[in-house]
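# Tertiary structure, described
Chain residues, written in single-letter form:
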Protein chains: 2
Amino acid sequence: MKNKQISLASRPKGMPDASTFQFDSVELPALKSGDILIQPTYFSVDPYMRGRMNAGKSYIPAFEVGQPLAGGAVAKVIESQADGFAAGDVVTGSLPWATQSVVSAGALKKIDTNLAPASYYLGILGMPGLTAYFGLLDICKPKAGETVVVSGAAGAVGILVGQIAKIQRCRVVGIAGSDDKIAMLTESFGFDAVVNYKTSSDLKKSIADACPDGVDVYFDNVGGDVSDAVIANLNFHARISLCGQIALYNTTETPVGPRIQPMLLTRSVLMQGFTIGNYSKRFSEGIQQLATWLQEGKLHYTETTVNGFDALPEALLGLFSGQNTGKMIVQV
Amino acid sequence: MKNKQISLASRPKGMPDASTFQFDSVELPALKSGDILIQPTYFSVDPYMRGRMNAGKSYIPAFEVGQPLAGGAVAKVIESQADGFAAGDVVTGSLPWATQSVVSAGALKKIDTNLAPASYYLGILGMPGLTAYFGLLDICKPKAGETVVVSGAAGAVGILVGQIAKIQRCRVVGIAGSDDKIAMLTESFGFDAVVNYKTSSDLKKSIADACPDGVDVYFDNVGGDVSDAVIANLNFHARISLCGQIALYNTTETPVGPRIQPMLLTRSVLMQGFTIGNYSKRFSEGIQQLATWLQEGKLHYTETTVNGFDALPEALLGLFSGQNTGKMIVQV
């Protein structure tokens, strides 16, 4: 049977574009024992995927040129040669960008679509939810009354970070790039204030104005100039969770900026980089708590859905210009 | 009685020089109840004192123009109007740069010169020792077999950090600026290797060569280019203790350098700024352990002594060109 897949055509220098991707038609292999034929219904696109397009050692293997891209996805089982899986099951895992795939059962996890819609397992009950949960609570340990700033506030992770910080009774200040996003975050998601980094003429001052008691916690999804402006407003004993640096992912030169160590030193600041894999032993704790908050109505969730398998590259590129509000999902 | 003191003549821009200091002759006040007349015998000069010459809020108040500088000192009591102190006692505290001073008893602590020579209370049994102890053990938590890199390795703090890391059975690599210092650190203080940052043509590679298993812990006393080269060699889950940034203390513009957050993020690195005041509740624990190691011969100690009260400015400035090996002390 012929199957469509999207591969890495070449490693991008700077911002990827259409030439980064190639569409191939390939023959699916026959199922061996332990294999499962799956058909994805939802694909997740996430900023970290840009890093996998580069060669070199990182916390996750690089994509190979000529091989399909891959990412978080929800799929239905078409045929199973593995114990514990049957046709019709709904599963999640890191799956190739292909209309169908034969994968080993170990790569898949069944999900409960009665608890939440299937796509939620790519967002609030998946990697972005866990990233927000552990990155905020475990690293930054926000205390009631403290001020929490989150950049990329309208993104998949940021929108959850802000809400989890509100559950901790913090003052929550977001940073986002459009008035629509700002209105949504303050009106529907409980943010106390949101700064527009695109229109502010003095971002350091705008953040100071939005944070009259200074910044105790900074959850950083973006890096670059935005983070410089937040760091200039840190309180003594502030904590920074380094989750993403999307502003820098498509730079072609080594990014340069003001040195931050003097500020971190004199204010006794903690900065911790992390990737969600560090917390794999605690995933069930995180999903349990996120699902509970969701059912209690304490967490709200929103997705930007793009339709069609062929739209995957465009959806991924859209992340870098802030096209999404909440989780960016491609429905196949 | 006339008394000599050294005051801040003006706030330096960039590197301080002789014009930063002024020598005054002042009348000592009469002793009130609770006051003590002291005569310093040893003054400590430390890099953090440069920061106090700048105006503005920091973790410690700025020096005032026209007022005497101050720093850690050992003194003998000449006359006491306070309970618990008598003429002849040896005390330590943060004391004005003056040949004699009238200070309140609360600013002083008696020291035991049978346990160690008096000047040690300005070094291994004082702030530098505690800084090395807590900054390394509490923040970086080095494990046996890990590689610990310390910059400013021949300085008051660095020379202790390396030895404490050896007690933890780590591989210890120092960074220092002269062949004499390097010979001393490897031959007398147990460092496994020391890189000369002044003569290396490729510091990143020199550190990589000295750290074949990468860098697990970095105790940073200097900042700037040296730290960039260490950070490029960090292992996953590395820990950085930000203790000093002496390379940047005399810059007149905001220091700029490669952004470090992408590296900290993808390698899950922790960076923690600290000042020793954060650990004030645990000082007795630290001093106890340091004194024990000293008595057991597990810690060795060295000082650079400059003679004469008038040499204080020159001794302080000497820190910024690496004139000291181990603790820089001025004996009065």
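For the structure given in this document, a descriptive report is provided here. (Residues numbered from 1 in each chain as written. Chains lettered and ligands numbered in written order. Predicted model: local features only at pLDDT ≥ 70, side-chain atom pairs only at ≥ 80, totals over all residues. Heavy atoms only, no water.)

At the junction of the two partners, chain A supplies 37 residues and chain B supplies 37 residues. Roughly 3,100 Å² is buried in total at the junction of chain A and chain B, and carbon and sulfur atoms are behind 59% of that figure. Of all residues in chain A, Arg259, Gln261 and Leu265 of chain A bury the most surface against chain B, accounting for 26% of the area lost on that side. For the pair chain A and chain B, the number of links is four salt bridges. A salt bridge links aspartate 228 of chain A to arginine 259 of chain B; its shortest N-O distance comes to 2.8 Å. Inspection of the chain A/chain B interface yields 17 residue pairs in polar contact (both at pLDDT 80 or more). (Contact = heavy atoms within 4.5 Å. Buried area = accessible area lost by both parts, 1.4 Å probe. Salt bridge = Lys/Arg side-chain N within 4 Å of Asp/Glu carboxyl O. Polar contact = N/O pair within 3.5 Å; in protein donor to acceptor, adjacent residues only side chain to side chain.)

Before going further, it helps to examine unusual backbone geometry. Residues and elements named next belong to chain B. Here the phi dihedral of lysine 141 falls at roughly 40 degrees; this positive angle occurs in a residue that is not glycine. Topologically, lysine 141 is positioned in the loop between α2 (127-140) and β8 (147-151). Look at lysine 141 and you get exposed, because its relative accessible area is 54%. A positive phi angle, near 65 degrees, is found at arginine 169, a position not held by glycine. (Helix = DSSP H or I, 4+ residues; strand = E, 2+ residues; numbered from the N terminus. Buried < 20%, exposed > 50% of the residue type's maximum accessible area, 1.4 Å probe, protein only.)

Attention now goes to the pairing of strand β14 (residues 270-273) of chain B. Side chains Leu270 and Gln272 of chain B of β14 of chain B all project onto a buried face; the interleaved residues Met271 and Gly273 of chain B project onto the opposite face, where all are buried too. Note that strand β14 (residues 270-273) of chain A and β14 of chain B share three bridges and pair antiparallel. Bridged to glutamine 272 of chain A within β14 of chain B is leucine 270 of chain B. Here four bridges tie strand β12 (residues 234-242) of chain B to β14 of chain B, and the two strands are oriented parallel to one another. Looking across to β14 of chain B, one finds that leucine 242 of chain B is bridged to glycine 273 of chain B. (Pairing = 2+ DSSP bridges.)

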